[in-house]
Amino acid sequence: MSVINWFPGHMHKARKEIAEVMPHVDVIIEMLDARVPFSSENPLVPALRGTTPCIKLLNKADLADPAITELWIAELEKTQGVKALPVSQQNPEQIRQLLQMCESLAPEKNASIHPARAMIMGIPNVGKSTLINTLVGRVVAKTGNEAGITKSQQKIKLDNGFLLTDTPGFLWPKLTPPSCGYRLAITGAIKDTVFDYADIALYAAEYLLKAYPESLKERYKLESLPESDIELLEAIGVKRGCTSKGGGVDIQKVSSLLINEIRTGLLGRITFETPEITTQEVIDAKIADEIKAKEKEEADRIRRLKTRKNRR
Ligand SMILES: Nc1nc2c(ncn2[C@@H]2O[C@H](COP(=O)(O)OP(=O)(O)OP(=O)(O)O)[C@@H](O)[C@H]2O)c(=O)[nH]1
Ligand SMILES: [Mg+2]
């Protein structure tokens, strides 16, 4: 598995600006992608937020597997001061719940005297600006289905006095465990020039074969499923006419078809990670890091010995 990272300069700037505003907000709304709640959760938030109450919104819940969303809500709320809520922009009732939740977390604020201040932050393309528009009831923030639409912070006052800050989406320097980068690429948080579609489509195919075989059969009219990721891409390519000039399946073409259909929900409601899966991945990544550190230590030791020998 190669490593996918995306941390351009503007994200570094966004992170700095968020840290500056953080002490002046009453509630942090961290927007996660309900299809990848762990991979989309910013590991820098605990340090940045201190004791400020935090609401984790699992957005795009309309695209996620509802049973797994329930598991994630319980998992996220294990952290002190954290409330979690699944939302979808198609459901304005949930959005109203969000405002009530903000009020209950900042109870000492009297909206008429000191408006409560909430900051919305999250990974690129997760739906922050869309949420602001839904809350305001008209378009005040630019949105778009690609990563990196919002370029600077924007403050918006709601009718009830609430002050909301929209922020540019940002990631963090190292997307780890490596699966996180793949899942963020599949769900659309990473600019698509940073990764290879075939690489992430193979990853998605492998996962879907294990976790959502029936959705694959139904969507691509496959009577039986092949065993491997590449065979699955080929089978979909044949069904959907993704052929190259030579007559074989065009893997790039079928890869972007699969990814686009996942993103738009055409395969049904899919979640790419469960608390159980990511807990194991974190353990595995830690072991892999320890092994790498030991190997480096050993290589350094041998190098030092050789240098000493050569000097004699
Ligand atoms: N299916 C679905 N799509 C959504 C939902 N919320 C937002 N979107 C779509 O997600 C895309 C990104 O929305 P934005 O609001 O621009 O996302 P953002 O987080 O502000 O993105 P950046 O400014 O790039 O960080 C848009 O195409 C929205 O229509 C949702 O709940 N469900
Ligand atoms: Mg935005």
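In this text the structure is predicted, and so the values were computed from the model without any measurement.

Analysis parameters
Residues numbered from 1 in each chain as written. Chains lettered and ligands numbered in written order. Predicted model: local features only at pLDDT ≥ 70, side-chain atom pairs only at ≥ 80, totals over all residues. Helix = DSSP H or I, 4+ residues; strand = E, 2+ residues; numbered from the N terminus. Buried ≥ 20, exposed ≤ 12 C-beta atoms within 10 Å, placed from the backbone. Contact = placed C-beta atoms within 7 Å. Core = buried A, V, L, I, M, F, W, Y, C linked by C-beta atoms within 7 Å. Domains from an automatic or database assignment. Expected span 1.5 Å × (residues − 1). Near = placed C-beta within 6 Å. Nonpolar A, V, L, I, M, F, W, Y, C, P; charged D, E, K, R; others polar. Axes fitted to C-alpha atoms, helices over the stretch in contact; angles between N-to-C directions. Parallel < 35°, antiparallel > 145°, perpendicular 65-115°, else oblique. Pairing = 2+ DSSP bridges.

Helix and strand counts for the protein chain come out as 11 helices and 6 strands. If one aligns the C-alpha atoms of the protein chain with their principal axes, the spans along those axes are about 70 × 70 × 35 Å. A buried classification covers 36% of the 312 residues belonging to the protein chain. Counting contacts in the protein chain only where the partners sit at least 6 residues apart, residues at least 24 apart contribute 68% of the total.

Moving on, we come to the nonpolar core. Membership of the largest hydrophobic core comes to 73 residues, with the highest contact counts inside it found for Ala118, Ile200, Ala204 and Leu258. Looking at which element gives the most residues to this core, the answer is helix α7 (residues 197-211), with 8 residues. Counting residues domain by domain, this core receives three or more from each of domain 1 (9-166) and domain 2 (196-263).

Let us look at α7. Taking 1.5 Å per residue as the helical rise, α7 with its 15 residues ought to reach 21 Å, and the 20 Å between its terminal C-alpha atoms agrees with that figure. Of the positions making up α7, those classed as buried are Tyr197, Ile200, Ala201, Leu202, Tyr203, Ala204, Ala205 and Leu208. Buried positions along α7 lie against α6 (178-187), α8 (213-220), α9 (229-240) and α10 (251-263).

What follows concerns the site of ligand 1. Taken together, the neighbourhood of ligand 1 is formed by 23 residues, with Gly127, Thr143, Asn145, Thr150 and Gly169 sitting nearest. Counting residues per element, the shell around ligand 1 draws most heavily on helix α5 (residues 128-136), at 3 residues. Considered class by class, the residues forming the shell around ligand 1 number 6 nonpolar, 14 polar and 3 charged.

Once that is clear, we can look at the packing of α7 against α9. For the pair α7 and α9, interaxial distance at closest approach is 8 Å and the crossing angle is 95°. Regarding the angle of α7 to α9, the classification is roughly perpendicular. Contacts from Ala201, Leu202, Ala205, Glu206 and Leu209 of α7 reach α9 at Asp229, Ile230, Leu232 and Leu233. Taken together, the residues of the contact of α7 with α9 break down into 7 nonpolar, no polar and 2 charged.

To continue, consider the domain arrangement of the protein chain. Each assigned domain of the protein chain is listed with its residue range as follows: domain 1 (9-166), domain 2 (196-263) and domain 3 (284-312). The distance between the C-alpha centroids of domain 1 and domain 3 comes to 44 Å.

It is worth spelling out the packing of α6 against α7 at this point. Following both chains from N to C, one finds α6 and α7 inclined at 100°, their axes separated by 10 Å at the closest point. Looking at the two axes, α6 sits roughly perpendicular to α7. Facing α6, whose interface residues are Tyr182, Ala185 and Ile186, α7 presents Ile200, Tyr203 and Ala204.

Examined bridge by bridge, strand β2 (residues 54-59) and strand β3 (residues 82-86) share 5 bridges and lie parallel to one another. Each bridged residue has a counterpart across the sheet, and for Ile55 the counterpart in β3 is Lys83.

It is worth spelling out the sheet that holds strand β4 (residues 117-122) at this point. As summarised here, the arrangement of the 6 strands in space is β3-β2-β1-β4-β6-β5, forming an open sheet in which the pairing is mixed. A strand with exactly one partner marks an edge of an open sheet, and here the two such strands are β3 and β5 (154-157). Averaged over all pairs of adjacent strands, the angle between strand axes in this sheet comes to 25°, irrespective of strand direction. In this fold helix α3 (residues 66-76) packs onto β2 and β3, with an angle of close to 170° to the strand it touches most, β3. Strands β1 (27-33), β2, β3 and β4 of the sheet are contacted by helix α4 (residues 92-105), whose axis makes an angle of about 170° with β3.

By the element assignment, Gln252 lies in helix α10. The class of Gln252 is partly exposed, set by 14 C-beta atoms lying within 10 Å. Sequence separation of Gln252 and Ile123 is 129 residues, and the distance between their C-alpha atoms is 26 Å. Apart from residues no more than four positions distant in its own chain, Gln252 is found in contact with Tyr197 and Ala198.

Bringing unusual backbone geometry into the picture now. The phi torsion of most residues other than glycine is negative, and most of the peptide bonds are trans. Cis rather than trans, the peptide bond between Thr176 and Pro177 has omega equal to -5°. Relative to the assigned elements, Pro177 resides in the loop between β6 (163-166) and α6. Residues other than glycine seldom take positive phi values, yet Lys60 does so here, at roughly 60°. Relative to the elements of secondary structure, Lys60 occurs in the loop between β2 and α3. Phi at Lys221 is positive, roughly 50°, even though this residue is not glycine.

A few words now on the pairing of β4. Of all 6 residues in β4, 5 are buried; the element is thus mostly enclosed. Where β1 lies against β4, 5 bridges are found, and the strand directions are parallel. Paired with Ile28 across the strands is Met119, a residue of β4. Inspection of the sheet shows β4 paired to β6 by 4 bridges, in the parallel sense.

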